[in-house]
Every structure is written in structure tokens, then in C-alpha cells.
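Survey of secondary and tertiary structure
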Amino acid sequence: MKRVQFEHSAVPYLFIAPQILIISIFFLWPAAQAVYQSFLLEDAFGMSSQFVWFRNFEDVLSSASWSRSAIFTVIFSVLVAVISIAISLFLAVRADEVIRGAKSYRTLLMWGYAIAPPVAGLLGNMMFNPLMGDLYKAFNSFGFEFNHIQNANDAAFVVILIAVWKQVSVNFIFFLSGLQGIPKSVQEAATLDCKSAERRFWTITFPLLAPTTFFLLVINLTYAFFETFGIIDVSTKGSPGGATATLVYKVYVDGFIGADLGGSSAQSVLLMIMVSVLTVFQFRFIERKVHY
Amino acid sequence: MFRKTLMAAAAVFALGNTAEAATEITWWHAMDGALGGVVDQITADFNASQSDYHLVAVNKGGYEDTMTAGIAAFRAKNQPNIIQIFDAGAATIINAKGAVKPVQDLLEENNVKFDINDYIPGVRYFYADSDGKMIGMPFNSSTPLLYYNKEALAKAGVDVPKTWQEFEEAAPKLKEAGYIALAQSHSPWIFFENFMSRHNLQMATANNGYDSTDVEILYNNEALKDHWQHVKDWKDAGYYGYYGRAWGANQDAFVQQQVAMWIGSSGSFGGLRKSAQFDFGTSTLPYWKGVGDAPKSTFIGGASLFAFSGHSAEEDAGVAAFFQFLTKPETQYYWHKETGYVPITNAAYELAKKDGYYKESPDAEVGIQQLSEEGGDWTKGYRLGFYVQIREVIYREVDKIMNGEETVDAAFNTIEEEANGLLKRFNDTYSN
Amino acid sequence: MYQSKWRIFTNHTILILGALFMIMPVWIAFASSTHTREFIFQNGLQFWPGGHMIDNYGAILFDPSATKGRVTALEMLFNSMVLGLGFAIGKVIISMMAAYAIVYFRFKLAVPLFWVIFSTLLLPLEVRIVPSYEVVANLGMLNTYTGLILPLIASATGTFFFRQFYRSVPDELLEAARLDGAGPIRFFIDILVPLSVTMIAAIFIIMFVVGWNQYLWPLLMTTDDQLYTIVIGIKQVYNSLYEGGQIPQFPKAFALTIMATIPPVLVVVIFQRMFIKGLVETEK
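Residues numbered from 1 in each chain as written. Chains lettered and ligands numbered in written order. Predicted model: local features only at pLDDT ≥ 70, side-chain atom pairs only at ≥ 80, totals over all residues.

The name an unreviewed UniProt entry assigns to chain B is sn-glycerol-3-phosphate-binding periplasmic protein UgpB, from the organism Thalassospira povalilytica. If you open the UniProt record of chain B and go to Subunit (unreviewed entry), you find "The complex is composed of two ATP-binding proteins (UgpC), two transmembrane proteins (UgpA and UgpE) and a solute-binding protein (UgpB)." (UniProt positions renumbered as here; feature names shortened; annotations may be inferred.)

Under the annotation held in an unreviewed UniProt entry, chain A carries the name sn-glycerol-3-phosphate transport system permease protein UgpA and is attributed to Thalassospira povalilytica. Under the heading Sequence similarities (unreviewed entry), UniProt records this for chain A: "Belongs to the binding-protein-dependent transport system permease family."

Shown next as C-alpha cells:
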């Protein structure tokens, strides 16, 4: 907090009011509704409802498809985060070393930030279209029996690839800035001390980037959890056999397509609990870093 | 906001004094592509035919998107007058007591003559309640048909198979001729629901779900499992192409002539006529000779129109007027001809015959003939809650059967268990 | 710094491969969007552009039937622009003000209100979308830009960005301002806002892109196709690919994809330095 602050009774409320108003109407109220809804069995059209305590949660937690989706979500998120971080770190290190064309490379690698998830999903979907997709044909011509329509692992590969592709740019931007923030004197000293580029990276550069990496890990996990909805909805739609449905996608499918509001709300509440853990973690970390 | 206001202002100017009396009614539908164009034409014709009402038809995406949008809008008290709900969603809307106005009541209240026997047998009771009162107005009514590539069959020297036994004889010859024999576009609808109907097998307890929401599914039976074991064997032998759950991907394989025969909807006829660059014919859905008492008529598929409650009497009268227009033989005949969906009234069917339409394209009659085949105890339809999710379960387990992840037995056990769990949830939700 | 020739060579090779990895899918989509649908359907995706670019793009930009709704891609682009700008402007103003109250004032409800704002990070719109829809409908805001934008603004990310930034502003500034007799409102308008210009621009760019790319919420709440954004248009075209019925409109789907991508990419590339600064600042 600031050491010096205004002491004023009305002004801060005036300034914070618009935000609080919008949040109350469009966040708190609907969120409370979602929680309340999770304790109800209600028909889709809202003509009748009954309070059932934790019935919805029991049904969700005991369903095989939810556990499967939860497991997939965790594996998917970790893989997306780790792979996209690794690729972008690798590219950022090289881009940081390059002198000629540095700016062009930066531009060529960062623009992907602006791509909408459904756009990424559609592109991926086309590339892997069995009748005309180039990647689909390429994989099969190399002798893989690649078939993401039927094979769960292949389908997971497709969504992970799309999600990684979409996320590399963001990570790249952060890593490149982080690298450029390392004082040149440190880098030069390191070059003298240590001839091998690889060792230099692991002993000096990477530790200096650790806070950025950790921050990105959290950002990427959140991304894989929520923002991949658009990717999945226009690529695999959770198939085959629900093998690529993340928890958020499942909330949508059960609540909207399936018209089971109670069950879907219970899933939302479970998600909310998971996200709170992740967010508190992230927040405490950022706070701590600021105090360094 | 600004643009909306501007557009509203423009609209007021444009309509000016002429349209002041017309009551606007809205219709959300799931017909896109070529079908959407036909819907727009029917809407325009209705608006031109009278001046009391102005109908606005809006495409809300696919069947599921439309239903979702309708539910959200109803809860927000912003529902359209008419919504198109597909077969699998019928239980959800019919069991939500008070959400819709039964079409039979609506018509009678507005002095439109209604006799359920005017409708062809296959569609009469599918969207009716257990007392036989019609709740939803059948609209795009379809049935699964076998489409075949004439050239491919000629090349292999085989006839169109009427039964699966005949198919098994034809398939190796088609393979030799360079084709995958068969693909189909909708496993739950074609190879589950209509399999039961075609063989006159009971699909669920409580009269296929019409009598109560307290039901159990009867899919886990030998006949259906045996069929799927065959499908899996065909796939492994290269006689059956499985392009995933997407409707379009399986149809594309037929259009691209990789697959010699394809089972789709009678409603696919119009679109195929435009996209397929080869001569194709249609035939009835094959059945297993000796299983159940096949062949019986299939279920009606597709969707129906429901009139949401909560609108003024004036608007409801407009809905009734539109339904009356929609069931006119001329409208039905036009719809049938353009899309391939079957005409829903006897009068429209007669009109099509009289007009010589089937002489000129006999393939267009196959669908309605199939629906007019002899019915049995279990061919009337089904009414199962959360059936949209049950179809999801089926899709998922079919994926697993096809990729060899699960045996047919295991998959059917899962289907039975999960479907019954969903039906129980539905019963608990709707029975009080 | 000394670099071996080999290292320089591999650096360039790796970066070129990385750039190709990013660009190739979009390039193929573009090239394929310039052929007829029959050609794509029979020959698959294309690497080289064909001769139907003007036909395809012209059709979806100006002919509503090509996008299978009653709205052209041009109108969808307009809607996306309104959503992107409205979202960015609203977000910047509201979060600047809220962050100012939190950082620069000592007041009774500061802590609870801060937690209220913080709580919005816990439940993304995706998982509270049904009740959100009901609220917007009850307020009569369905099918309005207001209803489209306001619920999206109800999240704290912008506030946290500004909070971090204000905290990095030296305390001396406030002390000096107070000595000059500046009140809180004058300090905000005359000193803090001008000081934040780069930050505002950066967050504006980020938020514009976020708003432009919104998907699920516009999909659900715009029941009137006159309000479809270009990203929703993609979903609509995708649906028709998925459901079949006629020769799939692959080229038009790609053309729509390209048009949905160009504006946000241009913004990000043109204002690159500002954008990167903003994005990275917020992390610190």
C-alpha cells in the first residue's frame, strides 16, 4: 500500500462505485444464482424446482464422465502449459541472441496473441480434416495410423497442438522481455565464465527467468482451463467419447445442450473451488514478488 | 445501442402506415443452408397471404443451439412465439408443464378445424401426450434412408440390399470394386432408435416412456448388441466407414464417392441433389431378416414446432393461422419437394401423387412409404427425458466400440447404466 | 558479445522455423479462401492462392446469404468493432477509477470492496453464463450492445493492472501535489491520468483484442443476428460445415476466419511496443 493516501469520505466511494455496481449486477448476483441453482433440481424451463441439498454434487462426483473429464483437464492443462512454455522459452532465448532481424522475428512470433480461440480451433480443425487436411494426410503418409476422430490420444494431441499454437506468442513476449531485462553486464560476465551456451542457460539465464516462468505457468494453466473452450467447441467438440472435453466444456454441454441446470451448476461450483485455489496461489505469488 | 435505434427508426419509416396493424410473431428454427432458404420462402409466402400477422423466422444454429436459446429465452421471459424442437428434446419441453400451449388446444381455440387423423400415421402420436393430444406440430419430419451410388453398385454388380444379410453379401464385392460399402451419419438415431422401431422392439419401459417419466431404457438387448458387433466386424473388414460422429463428415465421404452407400435422412435428399456429382438412388433402411418382426415402419425423426406459452391471445391467433397455413397441402407439398422431408398430412401426400411428382422422381417417395409401412406396438415413438445426453452417451460409447477401446458388451452396459441414471434424474426433476 | 557462426546460423534457422509454425496455418487458410468450394472439396487445402479471392470475399462482405444469416460480414465486423472498442473503453475507465480509490485512499470499506473485486477472478463468465443471461434479460438488455458489453466488463483484470501501475508511481508525486493544494479529483485528472497515458494505451490494446475475440457470451446472448460479431459468424459457418447438406463452404469459412483475424493482429503488430510494455508491466 501507499505510504501516503488521501483521507476523504466520499470521493473514494464515488470512484469505486461504477465498478462495484457492475460487479454486483453482472457478477455477484449471477454467481449467487449459480450456487443456489446447484442445490436445486429444476426443469429446464423453470416451471418447477425442488431443493435437494447435495444431490447434484453427489451425482456429479460419482459420474464416470466427470472424473474422466477432470483427469483429462489436468493432463491437458499441464501439457499445454509445459509445452508452450518450453517452445516459447527456446524461441525467446534465440531471438534474444539474434542481432540482425531481431525486430522482424519478434513481430513474426508475437502476433499470434491476437488470434481468437475459435479461429485457432477452426484452423486446426481444417488442418486435420480427414478428407482434405494437410496435417492429417502428412501424419498418415509418414506411416502413423493417425486418426483423431476415433483415437482418444490422437484427438488429445490435436487439441493440445492447437492450444499450444495459440499460446506460444504470449509466453514468447514475456520471456523475451524478461531476457532483455537481464543486464548486459551479467550476460557478458556469464559468457566469459562459461563457454557452453547450454550450461550458461541453465546456470545463469534460467534461474533469472524463474519468476517469469512461474508466473507464466499459472497464466497458462488458467488459459488451458477456461479459454480453450472456443478451441474445443470448433475442433473436436469433446469427441471421441468425451475424451477431449475439459471441465468447462462439460459445464456447457450438460447445462446448455443437456438442459440439466442443477447438475451443470454443481459442476460450476466445483470449478469455482478449483479456480479459487489456483487464483489465491497466483495472487499470493504476485504479491510476494512485488515486495521483493 | 446507437445503431439499433437508428435501425429501428429506419424500420418505422420504411413500414410507415401500412404495417401498423400487423401483429408480429417470431419463429426460431434450426434450418440452415438450403433448408433455411426454403423456410424463408415459406415465411414470405405466409406474410404475403394475409395482412394481420407478420412472421419473422430466425435461424438459431443447429437443433441443440436452438433448444438452448429457447430455454434461455423462456427463463428470461423473452421467448419467441414458435420454437422448433428436435425429436430428442421433445420430452424436455413436453414435460415442463405449462411451458408450451398444446397445438391441438391452440388450433381449436382459434376455430381451426383439427383432426389428428388428417396426419399420416407415422407422425400422429410422436409429439402427442399419453392421451393422444397433439402437443407439438410436426414440421420437418424425416426418416433414415439408404442412399446408394448407382454407378458403384453397377460396377460391383450388386443390387441395393434390402436386408443386412443381403448387405453382407454385397459388401465384399463393393470392396473389390474399390469402395467402402457403407457409412451412416447418426448412430443414435439410425442404429439405435430406428433399429428398435424397424424391428418392432421395445425401446423403454412404461410404453416407450409415454406413460410415465419413471422409465428404464431397454437398449441392452441381444438383437441390438448383435447388430453393433456386426458393424464393428464390417468396419474391421473394410466394409464400413466410420468418420466420427459428425453428420457432415460421413455424408462427405459418400459425396466424394469413397463410400458406395450412405444412410442419412430423407431430408438430405434436396441437398444431395445439389452436391453429388453422380447418379444416386434411395432405398429403405435395411433390417435383419428374422429379428423381431421386421420390417416395420420407422420412427419419425426431425423436429416439430411448439407454441410457447405466455403470449397474448392475438399473437397466439397468429401462430394458429401460421400452423394452418403450414399444414395446407400446397405448403406441405412445396416443403416436401424442396427438401425431401415427408409431407405430414394425407392430403399433401395425395396432392404430390396426383401431381405426378413420384413418377418423375420415384426416389422422393421412399421416405413416406417407409413411414407408411405396417406399424407395430413399438413404432409409435418414444418419450425419454434427458435424451439429448443419452445420445451423447451413445455417441461416446460408439466411438469406443469403433476404435476398439471397449467391447460391445461393455459399451452397452455403460449405455444402460448411464442412461438409466439420467432417466432417474429426469424423473426426480420433473415428476413432482 | 561473441557468437560462433554456427550459433548464428542455428539461431536464424530456429527462429524461421518458429515463425513458419505460427504463420503457416493462417497462410494456408488464406490461400484456400481464394478458390471455389468445389475445388477445395475435391483437392483439399491449397498452398497457392487461386483466382477467386474477389468473388469469395466480396460475397461474404456484402451478400448476407453467403454467411447464411441475414447479416453480412461487413456488419459483423462493425459489431466486433463496437464490442472491442466498447469493452476496451469501458474497462479502462472503470478500472482506472476503481484502482485509484483502492490505492490512493484510506476508507472504511476498502478491504471488503477490494475482495469483492478480487472475487470476480474466481468465476469466469463461462461457468455462470445461464444466470448472467437471465439478469441481462430481466434488465431488458438482450440484443443490445450494452447487454453485450457490460457483463464482460464485470471482471477485475483491468483494475489489477492499474493497481500495480499506481503502486509504482512515486509517493513524492502525491506529496508534492498536496503541497500545491490539489484535491483528489484534480490529482487524478491533472497528474495521474496524463502519467498513465502509455499504460492506458497498452491496456486499451489488450482489452480491445480480448473484447474482439469474445466467443461464448456473444454466441448466447445475441438472439438477433443483426448483432452477430465476426467470431460468432465463424461458428455459424462452422455449424454448416459440421452438419452437411451441401458442398461445404470451406473457402468462405476461411475468408471469414481471415477477416476475423486481421483487425486484432494489425492492432497488436502496429502498436507492438506499447502493447508489449503494457502486457509485461502488469506482470511486475
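**Topic: the overall build of chain A**
A count of helical and extended segments in chain A gives 12 helices and two strands. Secondary structure elements of chain A occur, N-terminal to C-terminal, as α-β-β-α-α-α-α-α-α-α-α-α-α-α. Across its three principal axes, chain A shows a C-alpha extent of roughly 75 × 70 × 30 Å. In chain A, buried positions account for 49% of the 292 residues. Sequence separation of at least 24 residues holds for 70% of the intrachain contacts in chain A that already meet a minimum separation of 6. (Helix = DSSP H or I, 4+ residues; strand = E, 2+ residues; numbered from the N terminus. Buried ≥ 20, exposed ≤ 12 C-beta atoms within 10 Å, placed from the backbone. Contact = placed C-beta atoms within 7 Å.)

**Topic: the pairing of strand E3 (residues 82–86) of chain B**
Residues and elements named next belong to chain B. Most of E3 is tucked away: five of the five residues are buried. Across two bridges, strand E1 (residues 23–29) lies against E3 in parallel orientation. Residue pairing for E3: Trp28 is matched across the bridge by Ile83. Of the strand pairs in this sheet, E3 and strand E10 (residues 301–308) are connected by five bridges, and their pairing is antiparallel. (Pairing = 2+ DSSP bridges.)

**Examining the UniProt feature "transmembrane region" (unreviewed entry) in chain A**
Summarizing the sequence annotation, UniProt attributes the feature "transmembrane region" (unreviewed entry) to residues 12–32, 70–93, 105–128, 155–179, 200–226 and 269–286 of chain A in the numbering used throughout. The span residues 12–32 of chain A is 100% helical and 0% strand by assignment, and the distance between its end C-alpha atoms comes to 26 Å.

**Some points on the sheet that holds strand E6 (residues 144–149) of chain B**
Residues and elements named next belong to chain B. With mixed pairing, the four strands of this open sheet are ordered in space as E7-E8-E6-E9. Here the strands that pair on one side only, and so sit at the sheet edges, are strand E7 (180–184) and strand E9 (280–283). Geometrically, the sheet is characterised by an average inter-axis angle of 25 degrees between neighbouring strands, direction not taken into account. With four bridges connecting them, E6 and E9 associate as antiparallel partners. Among the inter-strand pairings, Leu146 is bridged to a residue of E9, identified as Ser283. In the packing of helix H9 (residues 187–198) onto the sheet, contacts are made with E6, E7 and strand E8 (259–265), and the angle to E6 comes to roughly 130 degrees. (Axes fitted to C-alpha atoms, helices over the stretch in contact; angles between N-to-C directions.)

**With respect to the interface of chain A and chain B**
Counting residues at the interface gives 24 residues for chain A, matched by 31 residues for chain B. Looking at the side of chain A that touches chain B, the elements that each hand over two or more residues are strand E1 (40–42) and helix H11 (247–257) of chain A.

**Comments concerning the domain arrangement of chain B**
Residue and element names in this part refer to chain B. Each domain of chain B was delimited in the assignment, giving domain 1 (20–141 + 300–371) and domain 2 (144–298 + 385–430). Centre-to-centre, using C-alpha coordinates, domain 1 lies 27 Å away from domain 2. Tallying the contact residues gives 24 residues for domain 1 and 26 residues for domain 2. (Domains from an automatic or database assignment.)

**A look at the interface of chain A and chain C**
Taken residue by residue, the interface counts 72 residues in chain A and 76 residues in chain C. The element that contributes the greatest number of residues to the side of chain A that touches chain C is helix H1 (residues 11–37) of chain A, accounting for 18 residues. Residues of the side of chain A that touches chain C, tallied by class, amount to 49 nonpolar, 16 polar and seven charged. (Nonpolar A, V, L, I, M, F, W, Y, C, P; charged D, E, K, R; others polar.)

**Let's talk about the pairing of strand E5 (residues 137–142) of chain B**
Side-chain positions along a regular strand alternate between the two faces of the sheet. All names here are of chain B. Of all six residues making up E5, six are buried, and the element is well covered by its neighbours. The pairing of E5 with E10 spans five bridges and is classified as antiparallel. Of the residues in E10, the one forming a bridge with Ser141 is Gly302.

**Topic: the environment of Ile263(B)**
Residues and elements named next belong to chain B. Mapped onto the secondary structure, Ile263 falls in strand E8. With 25 C-beta atoms counted inside 10 Å, the residue Ile263 sits in the buried group. Here the alpha-carbon distance between Ile263 and Gly376, two residues 113 residues apart in the chain, equals 23 Å. Sequence-distant contacts of Ile263, defined by excluding residues within four places in its chain, comprise Pro144, Leu145, Leu146, Gln184, Ser185, Ile190 and Leu285.

**Considering the packing of helix H5 (residues 117–127) of chain A against helix H1 (residues 5–32) of chain C**
For the pair H5(A) and H1(C), interaxial distance at closest approach is 10 Å and the crossing angle is 75 degrees. Between H5(A) and H1(C), the crossing angle belongs to the class labelled roughly perpendicular. Each of Leu123(A), Met126(A) and Met127(A) in H5(A) lies in contact with H1(C), whose residues at this interface are Pro25(C), Val26(C) and Ala29(C). Looking at the contact of H5(A) with H1(C), its residues break down into six nonpolar, no polar and no charged. (Parallel < 35°, antiparallel > 145°, perpendicular 65-115°, else oblique.)

**Things to note about the nonpolar core**
As a rule of thumb, soluble globular proteins bury nonpolar side chains together. Counting residues in hydrophobic clusters, the biggest one holds 316 residues, and the most contacted among them are Val248(A), Ala181(B), Val259(B) and Leu256(C). Residue-level mapping places this core at the junction of two domains, with at least three residues from each of domain 1 (20–141 + 300–371) and domain 2 (144–298 + 385–430) of chain B. Once residues lying within four places of it in the same chain are set aside, the contact partners of Val259(B) are Tyr179(B), Ile180(B), Leu182(B), Ala183(B), Gly241(B), Ala253(B) and Phe254(B). (Core = buried A, V, L, I, M, F, W, Y, C linked by C-beta atoms within 7 Å.)

**Overview of the confidence of the model for chain A**
Residues shown with low pLDDT carry predicted positions that ought not to be read at fine detail. For chain A, the mean per-residue pLDDT works out to 84, and 95% of the residues sit at or above 70. Of all secondary-structure elements in chain A, the lowest mean pLDDT belongs to helix H12 (residues 261–291) of chain A, at 75, while helix H3 (residues 64–97) of chain A reaches the highest, 92. (pLDDT = per-residue confidence, 0-100.)

**Describing the packing of H9(B) against helix H19 (residues 387–402) of chain B**
All names here are of chain B. Orientation of H9 relative to H19, taken along the N-to-C sense of each, is 95 degrees, at an axis distance of 10 Å. Taken together, the axis directions place H9 and H19 in an arrangement best described as roughly perpendicular. Where H9 abuts H19, its residues Ser187, Pro188 and Phe192 lie against Arg391, Ile394, Tyr395 and Val398. For the contact of H9 with H19, the residue count by class is five nonpolar, one polar and one charged.

**Description of helix H20 (residues 408–430) of chain B**
The terminal C-alpha atoms of H20(B), which comprises 23 residues, lie 32 Å apart, in line with the 33 Å expected from a rise of 1.5 Å per residue. Where H20(B) is concerned, the buried positions are Ala411(B), Phe412(B), Ile415(B), Glu418(B), Ala419(B), Leu422(B), Leu423(B), Arg425(B), Phe426(B), Thr429(B) and Tyr430(B). Lining the buried residues of H20(B) we find E1 and helix H2 (55–62) of chain A together with helix H4 (90–95), helix H11 (222–237) and H19 of chain B. (Expected span 1.5 Å × (residues − 1).)

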